[in-house]
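If you want the building blocks of each chain, they are given just below.
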Amino acid sequence: MTLKDKLSAEPGFQYIIDKLEFMSAAGRRRMLQQEFMTDYKTLDSELVRVSLIVETLCNDDSKRPVSHLRHQLMQMHDLQGTLNNLRQHICLEELELFEIKSFSLLCMETSRAADQMGRAALLDIPDVSSVFKLLDPDGTGLPNFYVYDSYHPDLASLRRQLRSLQTKMESVHKEGEDPVELQRRINDLFDRQNQIQQLVIAQLSDRLVEYQPLLQRAFDSMAYTDFLFAKATQAVEWQLVHPQIVARDSKHTAQTFTKMWNPRLRHRNEELGLRYQPIDIAFGSGTCLITGANMAGKTVLLKTVGIVQLMAQFGFFVPAQQASLVLVDDVIFCIGDEQNEMNGLSSFASEIIKISNALSRAERENLLILIDEPARTTNPIEGKAIVQSVADILDQRPSMSLITTHYSQLGLACRRLRVKGFVESSATEKLTPENINRFIDYSLLADDSDDVPQEALRIATILQCNPLLLQRVKAFLC
């Protein structure tokens, strides 16, 4: 499973990826090909590499080589087509030889910058100086490619003759020469020169075939360097943290996030001058039910947990003050499906299919399953039975499941958390539908009760809704 496969899982994850600052198209493509890492050592190594680049970016002494490295990456063209041609022993064109020579020089300059910042071993960009020398026999040190005279013993003489005849052609009337005969001789020399140049290009193509694996490795390393710096730059700018990864066979299997925040929502709130409240949450294997008023941010909480898990296992730093997490095989979002509803598939049908697939996968995989208000669109009797069944099944699985619900009296022994919710005493102004969210406390509390908060009537009363409606609701509740 690659990162590209997960981009449509949740818009908040797409937001994070869209905000990465790449210097090259190759770096972005490398990002899309990143595998979801489920091996502890592989992921730990990747996060350590990001951490070292973060240290580099925060080191004032590295500012100049970092700027130089980024400049090299910005000049990198997509060389994959040329490398594919080499692998297939296809004779290259002169433009492709220029691309290889230019790329080789970029690699050499990038390696020099990496060495200056003390990260040469980390970035591991191969030495391609032999390729550059092959395409720069005269030692110009320039990225431009030219079929130099030194490539063939006849080229220098041919080109001198051509220049001489072309000069004569410019003054042919003064010299009394026959212009037709002169042009014929020029054309013959041009043909001979082109034949030799094509021979040289064919010979260079043959010689470069042996360097194809080296060039491919260099291209992949440069693309990865761009991706690595993009992740580290985001970590610095957003003040993300290095997540601590707990091996799956460890006795400490809880996911723990301290002051976790949702980048998309937090940045939006900051732009609007609104408050944003980070959340602490800890949970382990089995089912954890989360209850709270409808405006208590439960959906955002599920999405944020899923995003943080994805970020961590794709090798990103995460939005939290501290994060300790267990590796899973996949993150499953069962949180609405506007696309299917627009296509005519009912919200319940879309929802129950996702949940059914998640239950089947949980029999053979270790998953993080996030289910938001299951069966909320069905009648209450069926809905409650569905929630009980889903929660009970997942509580018997090694997967970790977070389920938000508005149903009470479920009779389940699983862990429960409750969003603290509306705090009337914190209101500093008259409450309206526009400002009531400012007085919601989104922190989570352990809750041993089998009841869910019933705040709807209280909030409707505070908002001074229709008096007859409020009166009738109270009567029916008695």
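As shown above, the structure is provided for reference.
The paragraphs below set out a description of the structure included in this document.

So, how was this worked out
- Residues numbered from 1 in each chain as written.
- Predicted model: local features only at pLDDT ≥ 70, side-chain atom pairs only at ≥ 80, totals over all residues.
- Heavy atoms only, no water.
- Salt bridge = Lys/Arg side-chain N within 4 Å of Asp/Glu carboxyl O.
- Helix = DSSP H or I, 4+ residues; strand = E, 2+ residues; numbered from the N terminus.
- Buried < 20%, exposed > 50% of the residue type's maximum accessible area, 1.4 Å probe, protein only.
- Core = buried A, V, L, I, M, F, W, Y, C linked by side-chain atoms within 4.5 Å.
- Contact = heavy atoms within 4.5 Å.
- Pairing = 2+ DSSP bridges.
- Axes fitted to C-alpha atoms, helices over the stretch in contact; angles between N-to-C directions.
- Parallel < 35°, antiparallel > 145°, perpendicular 65-115°, else oblique.
- Left-handed = near helix turned anticlockwise from the far one by under 90°.
- Nonpolar A, V, L, I, M, F, W, Y, C, P; charged D, E, K, R; others polar.

### A short note on the pattern of salt bridges
Enumeration according to the criterion identifies 18 salt bridges in this entry. Across the pair K303 and E10 runs a salt bridge whose closest N-O atoms are separated by 3.8 Å. Of this pair, K303 sits in helix α15 (residues 298-313) while E10 sits in the loop between α1 (3-6) and α2 (11-18), and the two are 293 residues apart along the sequence. Among the salt bridges present, the one from K101 reaches D136, with a minimum N-O distance of 3.3 Å. One end of the pair, K101, is in helix α7 (residues 94-116); the other, D136, is in the loop between α9 (129-135) and α10 (155-170), and 35 residues separate them in sequence. In this structure D136 comes out as buried when scored by relative accessible area, which is 5%. Through salt bridges with shared partners, a single ionic network connects K6, D330, R361 and E365.

### What about the nonpolar core?
Ranked by size, the top nonpolar core spans 119 residues in total, and within it L208, I281 and V305 carry the most contacts. For this core, the element with the highest residue contribution is helix α13 (residues 212-238), accounting for 13 residues. Apart from the residues lying within four places of it in its own chain, the contact partners of V305 are F257, M260, I281, F283, L368, L370 and L402. The next biggest cluster of nonpolar side chains, apart from the first, holds 19 residues, and it includes Y407, L410, L412 and C414.

### A look at the sheet that holds strand β9 (residues 415-422)
Judged by pairing direction, the sheet is mixed, and its six strands sit side by side in the order β6-β7-β8-β4-β9-β10 without closing on themselves. Single-partner strands in this sheet number two, and they are β6 (330-334) and β10 (440-446). Between one strand axis and the next, the sheet turns through 15° on average, direction left out of account. When β9 meets β10, the two strands line up antiparallel, connected through five bridges. Within β10, the residue paired with F422 across the bridge is I440.

### Comments concerning the packing of helix α5 (residues 63-74) against α7
The interhelical angle for the contact between α5 and α7, taken along N-to-C directions, is 160°, at an axis separation of 9 Å. Comparing the axis directions of α5 and α7 gives the class roughly antiparallel. α5 and α7 meet at a crossing whose hand is left-handed. Contacts from P65, H68, L69 and Q72 in α5 reach L106, E109, T110, A113 and Q116 in α7. Residue composition of the contact of α5 with α7, grouped by class: four nonpolar, four polar and one charged.

### Quick notes on the pairing of strand β5 (residues 322-326)
With three bridges connecting them, strand β1 (residues 244-246) and β5 associate as parallel partners. Within β5, the position partnered with V246 by the bridge is V326. In this sheet, β5 lies alongside strand β2 (residues 255-260) in antiparallel orientation, the contact comprising three bridges. By the bridge assignment for β5, T256 is matched with S324.

### Details of the packing of α2 against helix α14 (residues 263-272)
Where α2 contacts α14, the axes come no closer than 8 Å and their chain directions differ by 75°. As summarised for this structure, α2 and α14 are arranged roughly perpendicular, according to the angle between their axes. In this structure, α2 uses P11, G12, Y15 and I16 to contact α14, whose residues at the interface are P263, R264 and H267. Of the residues contributing to the contact of α2 with α14, the split by class is four nonpolar, two polar and one charged.

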